Structure formats: structure tokens, C-alpha cells
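# Reading the structure
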Amino acid sequence: AWKKFTPKPFDTAEEFNAEAVRHIETTLARSMYNCDEGAAYAGTALAFRDRLVLDWNKTQQAQTFKDQKRVYYLSLEFLMGRALDNAMLNIGKKDVAVKGLSDLGFRMEDIISQEHDAALGNGGLGRLAACFLDSMASLNYPAWGYGLRYRYGIFKQEIIDGYQVEVPDYWLDFNPWEFARHDITVDVQFYGYVSKYQDDDGKNVSFWEGGEIVQACAYDVPIAGYGTSTVNNLRLWGSKAASGEFDFQKFNSGEYESSVADQQRAETISAVLYPNDNLERGKELRLKQQYFWCAASLFDIVRRFKKTQRPWKDFPNQVAIQLNDTHPTLAIPELQRILIDQEGLDWDEAWSIVSKTFGYTNHTVLPEALEKWSVPLFQHLLPRHLQIIYDINLQFLQYVERNFPKERDILSRVSIIEEANPKMVRMAYLAVIGSHKVNGVAELHSDLIKTTIFKDFVKIYGPDKFTNVTNGITPRRWLHQANPRLSELIASKLGGYDFLKDLTLLHKLEAYVDDKDFRKEFQEIKYANKVRLAKYIKDTLGVSVNPSALFDVQVKRIHEYKRQQLNIFGVIHRYLAIKAMSPEEKKKLAPRVSIFGGKAAPGYWMAKTVIHLVNQVGKVVNSDKDVGDLLKVIYLEDYNVSKAEIICPASDISEHISTAGTEASGTSNMKFVINGGLIIGTCDGANIEITREIGENNIFLFGNLAEDVEELRHSHMYGTYTLDPSLAAVFDSIQSGTFGDAGAFTSLVNGIVDHGDYYLVSDDFASYCKTQDLIDEAYRNQDEWLTKAITSVARMGFFSSDRCIDEYAEMIWNTEPLVPSKDE
Ligand code: 26Q
């Protein structure tokens, strides 16, 4: 028998260095004589990885042995960011590595920043999936993530002459955090046709034949929990050409080039992340990605279930699959297909299993983001799935007809197939029909989906199928890792770091809101974080900003509904006001730094125009001698997770100013407040619950309410409204060329002036500017400001993603944690 392998766990700096050096010299085959920061990063990562891997194996064995219900989180995006710091903090022993690296002449900060972000996501939805993985592992839930292993993550953004330029993000050169499982593969079929047979019992059966096969290859990423030995698994699928006789035939018959071309075509499936956020674009390759990933994941899940030799009816008791938006909806007809075509279950038996297994999370009500795929495309790519979808639809519509015989047009409204030209498959309806629970991601949003896009379904299924799980964030990354000094200060008052596992403990901080030393330290930490960001701005953009100024931050994907245009118009309004001020008036004004960051989808012209305008305004304002320190406008290039970790702790005010009813939740709002920043925001998404938790005195809310939006839009269309006069003045300055070629911005201005102002920028402009003035005033009273900030942090306990995961487990998944035993 094999002798059990025991690793060398390091407890001292010397032991850590021995491990890191061993990896550098042997795993990497490099000499310590030219050990640069890249090699030091690799050695450190590999030393920590060794510790992770053993707990990972143990966790997986224990989960297999206990055979409890598992959760599978299907997401096309996992925006993980960097792994090393997180691994060190979750495993412990970071302090040892800090000392060890410093003995070798390295600073931990520099080593950490060697790592490339794992940027397999666009924004909120992908980062939520990453926070959920952290929470599921930290709470010991047996849970796997399933995703795609994109060769290129979200593009890198460069700002050149004030314009966004996209650069490919090739990130896999050296990735110590993934393990290629060359032995774990799944053949995935595309195209072909459906044949009908009669089986031995005379039953009609359908079978999907022909077409082509692409191979899915598993790449596993360990997900360590905080303060527990649980290490869960994130399985990402990479695509390859299926190896088979076909290739060899081509090869042997001299068609070498075409066999290489087949290979490349197959690899295209997992090559690149689609960079659209909140916009659906019906490209065949995207649908191929979705099916490839769903088919591989379902095959894997079913294979694991079948090993236990349980009867099929146990499947929903052993497996919970959560669909992160509609992107994995094909998993529903795929499971139905496996059960009826391959496992021989009858339709009803199979459908009962399918609809108990899935839960669906909706992240948007924007009509342009609701996924639809054309029937002809489906017919071509996935003929058997289209049949199954038609059958699901038929059963469903028959049910509706029986129960609502008097309502004739409900059938066309709720049909999965939209009767357009061409016909379209409505993925959200399929997801609702195939799941046992549907949830929104904040209270307002969950209410809205029940009264708008899914209204008829509430009538059909009753209200209990629909629920809310308000989003959260992991306090490990977004407090402890991003803001170690604040985390340490909190721990010093609360008697340790338990709050990182039970964030509601933060409420105890309220007892220190008047504590002089605590307040001073809290304020110093914020200042130090601002100094750090100021240095970053100086290093990257060459602009000096005053760290004592009010830092006003809006960082998120650029989208009209998020209204970065409202922010920059407000900045221009401020600039014009400063230009008109007397020296006395200027003295009274609090200096401000307006910081923007975020990527625009490459084809989203209006979003790119906003980026351009912000940069043009920055160019003019930042060099205007009349303005000096009173206003600086900064565009941070390539906003991503690791930059968010620097930016969130350094804000005084952050902006979450979407048109009411459009932002499903928002999660960066939570990240800013937990780091002692205040918010200017609309009554939208999770802003509403943040207000309820922290108190309305501690947040700057403005603008129209969701319930008024429809009427306001109507008034724009039918001429009963006039443009806000201050906004008109802003437009005049833009159109007179103050910020360069006015023509570049006409579409942006005209969208508001002439084309209905869909996002109600004009309606909210006065209220926005007034609220910004209130913020200036409030900031002058630093003492009160500090009280607001501290009180808010103390009341943010609700927004931990641990709370979300417990809610999902209880209300949707019906799963229990598996607490690792101590002795193993
Ligand atoms: C769909 C089809 C084809 C191509 C791309 C897409 C696609 C990709 C990404 C559609 C949507 C997304 C991303 C959506 C998203 O990030 N939504 C955000 O989710 C967060 C987590 O729940 C919320 O906090 C945000 O409010 C919501 O906008």
C-alpha cells in the first residue's frame, strides 16, 4: 500500500521560505540567484496551494462519503479577482509569509500584485457568484460551482486620448490555482437530427443523432472557506476537439491542416467571455457556450448521482441546481432529455424531478437584457432540445388553459415561444416554468418582477413560487482583505475576528461611536486609504489630488440606466458654478475629487461616449487655474476586482444613482458602506434596504421613485415637460465646445432633449445637484460625518453573503452544512 503523504505545513518564516524556495527551484526550475517578484509570487502561491490541496481532497472525500444533498451553482461568470491574499487569509499564516518574504527582500504588497486577476465575468452578477462561493465554503455547505474556462476574460481597458480601447485579457500563462483534470471529459453534441424509434415495449422514443462532438475538459479550482478546513470545488470546462477515429482518418488521409482547423474551431467555444453586461445579443457562439457548459455540467452531476445507485426519485433530494440568471436555462431541457431519452423515464416522472431540482435567480427587469433565442437557430443547433421545449410548453399551456379557461390571451402572453418573425424562445419563461423557486436579488426588485415580467406566472403558480434573497458580499475580501487596518480596529473592539463569520456582530461597534480614540483611529484609516488611492492616481495618471478633499466615486460597468451621465453633468454644473464664484465663495467650498471607473461593452456606443465626455471634462477641469484643488475629475483605467479593493476603502461618497426600478440590487453600494463611506443614491435596488438598516440620516437619497417612472416617461413623450434649466446650461457649455468637439456629444445630449430621456436624467437633475450641495455642507462638519460613517458600518451586518447563502439553503435548496470533523 502507498504510504500516506504528509505535507510540510510551515509554521515559521524559515519553514515557509524552505517551501517557497523548493517550489521556485524544483517546480519552476528557476535559480534563486535571479528570483524576481514573479518567481517569489509563484513560490508563495505554490507553498499555500499545497496546504489547500490536502484539505480539498479531504473535503471532497467527506462530501462523497456523507452523501448529503449538494448545491450546484451554475454561472457563466465567476469574477474571482486574485486568489493568493484570499488563500493566505482564509488558511491563516499570512503573517508567517510576510516575514519570510521580507527576509528574502520582498514586500508582500508587491508580491500579491504580481497575480493576474481571474476576470471571468462582467460585473455584479459574476462577482456575486464569487462571493457566494466564498460563503458556501466558509459555512461548510457541500457546494460546487460550474462555469466556463474562458481563455480570455473580460477585456482590459486602456484609455487612449480619452477613448476606451479594448485589449485582450490572456490570463492563463501561469495559473497555479487551477488543476487540469485531463481524465475528466465529457463529449458534447451539437447539430444533427432527431430520430424516432419504437423500443421493445412498443413505446415511442426519440433520439438525437449525427452532428458533431466537442469535448469538455474539466479544470478544477479550490475554494477555501475562512476559518474552516472546508475547501469546495469550482469546476470550469474548457473545450477541445473530440479525439476519435474521425481525426485520425483525416490525419492519415493527409488532411492535417483541416484536422488542426477542427481543433481550433472546437476551442473557440471556451475562448472568450462575452463582454456585454445587461444586454442580450443573439450570437450562435453564445448559445453554443451555454449548451456546452450546461451539457458538461449536467453529465457530471448525473454521473456523480448515479454512482450512489439511488433511485431517480431521490435526485431532487440529493441535488439542488441554482441558475444564475437565464444563462444556464438549457440545463432544464437537458436534464429532461437525459432522463427520458437516455434513462428511459416517462415524461411526467422526469418532469417532476426536473422541476424540483432547479431554482432560478433573476438579475434584471430591463427588457433588452431578457434572453431570447430564435427558433430556427435552436432547430439547427439543438433540435432535440427544441422539441422538448415545445413539449414543456404544450403541457404548461394546457395546464393554464384548464385553470384559466376564460382568459384567451393569457396563453400567448405566457407561452415560452414568442410568436414573432422569426419565432423566439423566451428563456426567462422556460426558467420560471422549470424551477421550483424564482428569486429576485433585493426587495424592490423581487416585488417588481412579480408585478411586471412575471405577473402572469404569479397568477398561475401563486405567489409562493416567487421569493426574495437580498444580495450580500463576503466580508472576508471586502473588509478584512481590502481594509486590513479597519478590520483590525474592529477586532480590537469586538474582542477578535468573529465578526468575519457573523457580520451582525458589527452592531457592537455602535457602543464606540463616541469613543475618542476609536473615532480618531477610524478617521486616520480612511485618510490613509485615501492617501493610497491618491498615490495610485498620481502613479498611473500623473494627476495630483488632495487626500483631504471629498472623494466622490462611481465605479461600475458603464450603462445608461446606471446614469454615469447624470454624475458627469453634475460635475460640469459644479465646474460652471466654481467658474462663477468669488474668492470668498470659493473658500467656503469643500474640495472634491470626482472619480469614475468602469468598462463599456465594446459595441455600446452611448456608454463609450460617456467615457469620452468624462475624460474630456477631466482634461479641461484639471488644468484650469481658476479651479485648482476645488475640483478634480479622474477616470481610472481598467476597473476590476483588485482595483475595487483599493478604491472601495478610499471613498467618502460613492454614487449608486440608477433610474429608480432599474438596478436589481447593486452590490458595490454595500462594499463602500462597510468600508466607512457614505452613499448618494436613488430609491433603487439594495439602496432601499441599506437605508432601512443604517437609517435615513446616514444616506443621501434623491430622485423620483420607481412608481412614478412610467408616468414621467409618458410626459416626456407627449410634451408636457420642460428640460431642467441647470441641465440646459450644462448642455449649452458642452455644445459651445468647452470640452472639445461638441459634435462628439450630440447623441448623448439629444437622447435627453429630443428622444424622450428614457432614464429620466432631467427629472432627477435638480434633486441630484441639491443633494450634492447637502453633501458639501455635511462634509464640512467632519465630526457628524464621522458619526454617520461609523454608525453605518456598525449597521451593515445584514449584507454579508453568508446571510444570503443561509437564506438560499433554507428557502430554496433545503441543504445543510457538513461540518468537517476535527481529528482528520
Ligand atoms: C446575456 C446574453 C448574451 C450575452 C450576455 C448576457 C449577459 C451577461 C451578463 C446579461 C447580463 C449580464 C450581467 C448582469 C448583471 O451583472 N446583473 C447585475 O447583477 C447583480 C447581482 O445580482 C446586481 O446587483 C445588479 O443590480 C445587476 O445589474
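Just so it is clear, the structure is predicted and the values come from calculations on it, not from any experiment.

What counts as what
- Starting from 1, residues in each chain are numbered consecutively following that chain's sequence as written.
- At least 70 in pLDDT is required for a residue's local features to be given in this predicted model, at least 80 for side-chain atom pairs to be given and counted, and no such filter applies to totals for whole chains, interfaces and linings, which use all residues.
- Counting other C-beta atoms within 10 Å of a residue's C-beta gives its exposure: the residue is buried at 20 or more, exposed at 12 or fewer, and partly exposed in between, where C-beta atoms are placed from the backbone.
- Every helix listed is a DSSP run of H or I at least four residues long, and every strand listed is a run of E at least two residues long, numbered separately from the N terminus.
- Any two strands with at least two DSSP bridges between them are considered paired.
- For each residue, a C-beta atom is positioned from the backbone; the residue is called near a molecule or strand if that atom sits within 6 Å of it.
- When residues are sorted by character, Ala, Val, Leu, Ile, Met, Phe, Trp, Tyr, Cys and Pro go into the nonpolar class, Asp, Glu, Lys and Arg into the charged class, and all the rest, Gly among them, into the polar class.
- These domain limits were set by an automatic method or by a database of domain assignments.
- Working definition of a contact: two residues with C-beta atoms, positioned from the backbone, lying within 7 Å.
- Each axis is a line fitted through C-alpha atoms, and for a helix only the stretch in contact is used; angles between axes span 0 to 180 degrees, taken between their N-to-C directions.
- Comment on the angle field: the value is read as roughly parallel under 35 degrees, roughly antiparallel over 145, roughly perpendicular from 65 to 115, and oblique elsewhere.
- Should the near helix be turned anticlockwise from the far one by less than a right angle, the crossing is termed left-handed; should it be turned clockwise, right-handed.

This next bit is on the pairing of strand 20 (residues 592-597). Of all 6 residues that make up strand 20, 6 are buried, and the element is covered over most of its length. Judged from the 6 bridges that link them, strand 19 (residues 550-555) and strand 20 form a sheet pairing that is parallel. What sits directly across from Leu550, in strand 20, is Arg592. Two elements, strand 20 and strand 21 (residues 631-636), share 6 bridges in a ladder whose sense is parallel. Counterpart to Ser594 in the pairing with strand 21 is Val633.

Another point: the site of the ligand. In the vicinity of the ligand there are 24 residues, among which Gly124, Leu125, His363, Ala664 and Ser665 approach most closely. Of the residues forming the shell around the ligand, the biggest block, 3 residues, is contributed by helix 6 (residues 124-138). Of the residues in the shell around the ligand, the class split is 6 nonpolar, 12 polar and 6 charged. Both domains that meet at the shell around the ligand, namely domain 2 (67-82 + 117-470) and domain 3 (475-799), each give it at least three residues.

Here the focus is the sheet that holds strand 22 (residues 653-656). Strand order in the open sheet formed by 6 strands is 21-20-19-22-23-24, with parallel pairing between adjacent strands. Both edges of this open sheet fall to strand 21 and strand 24 (700-701), since each of them pairs with a single strand only. Here 4 bridges tie strand 22 to strand 23 (residues 678-681), and the two strands are oriented parallel to one another. Bridge pairing in strand 23 places Glu655 opposite Ile680. Against the sheet, helix 24 (residues 605-622) makes contact with strand 20 and strand 21, and its axis sits at roughly 145° relative to strand 21, the strand it touches most.

A word on the packing of helix 2 (residues 37-66) against helix 3 (residues 84-91). Running from amino to carboxyl end, helix 2 crosses helix 3 at an angle of 45°, the nearest separation of the two axes being 10 Å. Here helix 2 is positioned oblique relative to helix 3, judged by the angle of their axes. Seen from above, helix 2 lies across helix 3 with left-handed handedness. Counting all contacts with helix 2, which are made through Thr44, Ala45, Phe48, Arg51 and Leu52, the residues of helix 3 involved are Leu84, Ala87, Met88 and Ile91. Across the contact of helix 2 with helix 3, the residue classes tally to 7 nonpolar, 1 polar and 1 charged.

According to the domain assignment, the protein consists of domain 1 (1-66 + 91-107), domain 2 (67-82 + 117-470) and domain 3 (475-799). Just the C-alpha atoms count here: the centres of domain 1 and domain 2 sit 36 Å apart. When residues in the side of domain 1 that touches domain 2 are grouped by element, the largest group, 15 residues, is from helix 2. Its residues assigned to classes, the side of domain 1 that touches domain 2 shows 8 nonpolar, 4 polar and 4 charged.

Glancing now at unusual backbone geometry. Note that the residue after Asn421, namely Pro422, is joined by a cis bond; omega there is 0°. Structurally, Pro422 can be placed in the loop between strand 15 (417-418) and strand 16 (424-426). Positive phi values are uncommon outside glycine, yet Arg563 reaches one of about 65°. By secondary structure assignment, the location of Arg563 is in the loop between strand 19 and helix 22 (564-579). We note that Asp757 has phi near 45°; this positive angle belongs to a residue other than glycine. Along the polypeptide, Asp757 turns up in the loop between helix 30 (746-753) and helix 31 (761-780).

For the rest of this paragraph, the subject is the environment of Phe569. With respect to the helices, strands and loops of the structure, Phe569 is situated in helix 22. Residues Phe569 and Val730 lie 161 residues apart in sequence; the distance between their C-alpha atoms is 6.5 Å. Aside from chain neighbours lying at most four places away, what touches Phe569 is Leu727, Val730, Val761 and Phe765.

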